[in-house]
2 protein chains.
Amino acid sequence: MSSASGRGGPETRGRILDAAEALFVEHGLEATSMRMITATAGVNLAAVNYHFGSKENLIQEVFRLRLGELNQRRLAALDRVEDAAGAAGVGVKPSQVLEAFFEPSLQMATDETHGGRIFMQLLGRTYTEPNAFVRKFLAAEYADTLERFLDALYASLPGVPREEILWRFHFMMGATSYAIAGTDALQLFAGKFDDEDPARLIPRLMSFLLGGLRAPLPELASGADAPAHADD
Amino acid sequence: MSSASGRGGPETRGRILDAAEALFVEHGLEATSMRMITATAGVNLAAVNYHFGSKENLIQEVFRLRLGELNQRRLAALDRVEDAAGAAGVGVKPSQVLEAFFEPSLQMATDETHGGRIFMQLLGRTYTEPNAFVRKFLAAEYADTLERFLDALYASLPGVPREEILWRFHFMMGATSYAIAGTDALQLFAGKFDDEDPARLIPRLMSFLLGGLRAPLPELASGADAPAHADD
DNA sequence: TTAGAATTAAAACATACGTTTGAATGAACT
DNA sequence: AGTTCATTCAAACGTATGTTTTAATTCTAA
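As the structure is a prediction and not an experimental result, all values here were calculated from the model.

Definitions and limits used
- Residues numbered from 1 in each chain as written.
- Chains lettered and ligands numbered in written order.
- Predicted model: local features only at pLDDT ≥ 70, side-chain atom pairs only at ≥ 80, totals over all residues.
- Heavy atoms only, no water.
- Near = heavy atom within 4 Å.
- Polar contact = N/O pair within 3.5 Å; in protein donor to acceptor, adjacent residues only side chain to side chain.
- Helix = DSSP H or I, 4+ residues; strand = E, 2+ residues; numbered from the N terminus.
- Nonpolar A, V, L, I, M, F, W, Y, C, P; charged D, E, K, R; others polar.
- Domains from an automatic or database assignment.
- Contact = heavy atoms within 4.5 Å.
- Buried area = accessible area lost by both parts, 1.4 Å probe.
- Salt bridge = Lys/Arg side-chain N within 4 Å of Asp/Glu carboxyl O.
- Phe/Tyr/Trp six-rings, centres within 6.5 Å; stacked < 30°, edge-to-face > 60°.
- Lys NZ or Arg CZ within 6 Å of the ring centre and 35° of its normal.
- UniProt positions renumbered as here; feature names shortened; annotations may be inferred.
- Core = buried A, V, L, I, M, F, W, Y, C linked by side-chain atoms within 4.5 Å.
- Buried < 20%, exposed > 50% of the residue type's maximum accessible area, 1.4 Å probe, protein only.
- Expected span 1.5 Å × (residues − 1).
- Axes fitted to C-alpha atoms, helices over the stretch in contact; angles between N-to-C directions.
- Parallel < 35°, antiparallel > 145°, perpendicular 65-115°, else oblique.
- Left-handed = near helix turned anticlockwise from the far one by under 90°.

Some remarks on the protein's contact with DNA strand D
Right, so step 1: Within the structure, DNA strand D sits among 17 residues, and A:Met34, A:Arg35, B:Thr12, B:Tyr50 and B:His51 are positioned closest to it.
Right, so step 2: Note that a base nitrogen of DNA strand D is positioned 2.9 Å from one of the side-chain N or O atoms of A:Arg35.
Right, so step 3: One of the side-chain N or O atoms of B:His51 is found 2.7 Å from a phosphate oxygen in DNA strand D.
Right, so step 4: The set of elements that each furnish at least two residues to the surface near DNA strand D consists of α2 (34–41) of chain A together with α3 (47–52) of chain B.
Right, so step 5: Split by residue class, the surface near DNA strand D holds six nonpolar, eight polar and three charged.

Right under this line is the structure:
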């Protein structure tokens, strides 16, 4: 079994991971067959089952590797922000929390050299993947990171119910997912985006997310009081 | 061939549509087999190919039916808003445009009696569906409606570049998609939502969307001027 | 060089898929 | 009654799936 790539194996394991990642994005998890993967990777069909045991294990491995790195970057960014604020004796700002969470994904998504862009498109799709075992696995991988960021956001927004923060975080992940899945995955706006420069995507999205996060709280279902938002 | 359900056919066609819709949500398009559909509908395996020709045609029919109704409601709502504003001699407000577009989806999504809720979950997932023919079809079905709403939004937001509106609309659809896919589809926040009352989802989301839409414009990539947003 | 483990290769495994076929059914019309 | 025609049915079609098996090969270490 061995760890990364056995001994001197001609990187068969790594080639499978790369090929699988790219094909998962292009065709989805279910629609990507073992034969497509092995053919693209230029290895024998049996290699996947030999190195990973099963297709499910391969999928998990693809996600675990990249998602682990992504969440590590996020937590490191949050650490830096909290340390700096602590040293200055002030609280962390919501915008800083958002940036710590979403910037790493966007950086990864717009990094052409790294295979990151491919992965982030895959990840965005997978949040809503119907496949039960994939969702369960993803939730487990995310749990700790999500917990820390929700706490940080809650601390940075006094007076906002935790419930509301939870929902807005959910909405923000949705907006980010679409931002990353982007203009080539979603062709609804085909031919309408003049400017797809990924460098400009980050400020665009961050501005939108901040606006949404700091929007006036909605009136609670009971239709009594005055509307909370300025109505335009 | 006949239109709705032939002559006295025991609604075989309709039962297939209902079963397919529910199964597509639960397992995805590719992972839902003809045998699952026909077994759930209680009809013969060959019935799908007889009534719809192929699985692809069945998928298209499922989407066409509900999406047609949804977009009709959206356009009707926009008509009402524009007529009222025209009669009063004022412009349409951005919040009104948003409500005309997103409220019908949320109404449909939270309507338990109708099969609407099921469909909206399916639709939210399908925007990012890797399957090419589904995306193409969806884009075609959406084209006219989207065009009208983008125009209305552009007219209601003087001074905001059309490019920016396009992006923010994209982001808003992402947030809405997650809102609808909701807490049972996406288990990342499992056990953390205390309040899943769908009636409160609408004001929650609308408040968030409005905040995002009206956020200060991002600085354009050139790192010159002062930041446009109040930084917290 | 040789023994032994790790890896690759070709082939077959059983199962599931979407679709097609041809006969049986049953109501509507002449 | 007989005929027609849309629909349903059981069965099989060919193809593709993930996985397993067995043999050949490559590399490592003594």
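Focus: the domain arrangement of chain A
Residues and elements named next belong to chain A.
Right, so step 1: We note that the domain assignment places domain 1 (1–53) and domain 2 (59–214) within chain A.
Right, so step 2: Between domain 1 and domain 2, the contact holds 11 residues from the first and 15 residues from the second.
Right, so step 3: Together, the buried faces of domain 1 and domain 2 total about 1,100 Å²; carbon and sulfur atoms form 69% of this surface.
Right, so step 4: Per-residue buried area on domain 1 facing domain 2 is highest for Glu21, Val25 and Leu29; these three make up 58% of the total on that side.
Right, so step 5: Run the count over domain 1 and domain 2 and you get two salt bridges.
Right, so step 6: Of the charged contacts, one joins Arg13 and Glu61 as a salt bridge, the two residues approaching to 3.5 Å between their closest N and O atoms.
Right, so step 7: In this assembly, domain 1 and domain 2 are joined by two residue pairs in polar contact (both at pLDDT 80 or more).
Right, so step 8: Per-element accounting of the side of domain 1 that touches domain 2 gives the leading share, eight residues, to helix α1 (residues 12–27).
Right, so step 9: In terms of residue class, the side of domain 1 that touches domain 2 is built from seven nonpolar, no polar and four charged.

With respect to the protein's contact with DNA strand C
Right, so step 1: Lining the immediate surroundings of DNA strand C are 18 residues, of which A:Thr12, A:His51, B:Met34, B:Arg35 and B:Lys55 lie closest.
Right, so step 2: At the protein interface, 47% of the atoms of DNA strand C within 4 Å belong to sugar or phosphate.
Right, so step 3: Within the side chain of A:Tyr50, an N or O atom sits 2.9 Å from a phosphate oxygen of DNA strand C.
Right, so step 4: Contacts to DNA strand C include B:Lys55, whose side-chain N or O atom sits 2.9 Å from a phosphate oxygen.

A look at the packing of aromatic side chains
Each pair of aromatic rings is reported with the distance of its centres and the angle of its planes.
Right, so step 1: For the structure on display, the rule yields 15 aromatic pairs over all chains.
Right, so step 2: Residues A:Phe101 and A:Phe102 carry aromatic rings whose centres are separated by 4.9 Å and whose planes lie at 75° to one another, so their mutual orientation is edge-to-face.
Right, so step 3: Put simply, the rings of A:Trp167, A:Phe171, A:Phe208, B:Trp167, B:Phe171 and B:Phe208 touch in pairs and so form one group of aromatic residues.
Right, so step 4: Across the ring face of A:Phe101, the terminal group of A:Arg74 is positioned such that the distance to the ring centre comes to 3.9 Å.

Looking at the UniProt feature "DNA-binding region" (unreviewed entry) in chain A
Right, so step 1: In the numbering used here, UniProt assigns the "DNA-binding region" (unreviewed entry) feature to residues 33–52 of chain A.
Right, so step 2: Split by type, residues 33–52 of chain A is 70% helix and 0% strand. Its first and last C-alpha atoms lie 15 Å apart.

As for the nonpolar core
Right, so step 1: Residues A:Leu123, A:Tyr142 and B:Leu123 are the most contacted members of the largest nonpolar core, which totals 136 residues.
Right, so step 2: Among all residues touching A:Leu123, those that are not within four sequence positions of it are A:Phe63, A:Leu67, A:Leu70, A:Leu138 and A:Tyr142.

With respect to the environment of A:Thr12
All names here are of chain A.
Right, so step 1: Among the secondary structure elements, Thr12 is positioned in helix α1.
Right, so step 2: Since its relative accessible area comes to 18%, Thr12 is described here as buried.
Right, so step 3: A sequence separation of 129 residues divides Thr12 from Glu141, and the C-alpha atoms of the two residues are 26 Å apart.
Right, so step 4: Ignoring anything within four residues of it in the chain, the contact list for Thr12 reads Val43, Ala47 and His51.

Side note on helix α4 (residues 55–88) of chain A
Right, so step 1: A rise of 1.5 Å per residue sets the reference length of α4(A), with its 34 residues, at 50 Å; its end C-alpha atoms lie 50 Å apart and thus fit the reference within 8%.
Right, so step 2: Directly beyond the C-terminal end of α4(A), a positive phi value near 70° is found at A:Gly89.

Focus on the packing of helix α9 (residues 198–213) of chain A against helix α9 (residues 198–213) of chain B
Right, so step 1: Between α9(A) and α9(B), whose axes approach to 6 Å, the crossing angle comes to 135°. The angle between α9(A) and α9(B) falls in the class oblique. Crossing handedness for the pair α9(A) and α9(B): right-handed. Of the residues in α9(B), those touching α9(A) at A:Phe208, A:Gly211, A:Gly212 and A:Leu213 are B:Phe208, B:Gly211, B:Gly212 and B:Leu213.
Right, so step 2: Classifying every residue of the contact of α9(A) with α9(B) gives four nonpolar, four polar and no charged.

Points about the side chain of A:Thr145
Right, so step 1: If you trace the backbone, A:Thr145 turns up in helix α7 (residues 132–156).
Right, so step 2: Those residues in contact with A:Thr145 that lie beyond four places of it in its chain are A:Asn71, A:Leu75 and A:Phe101.

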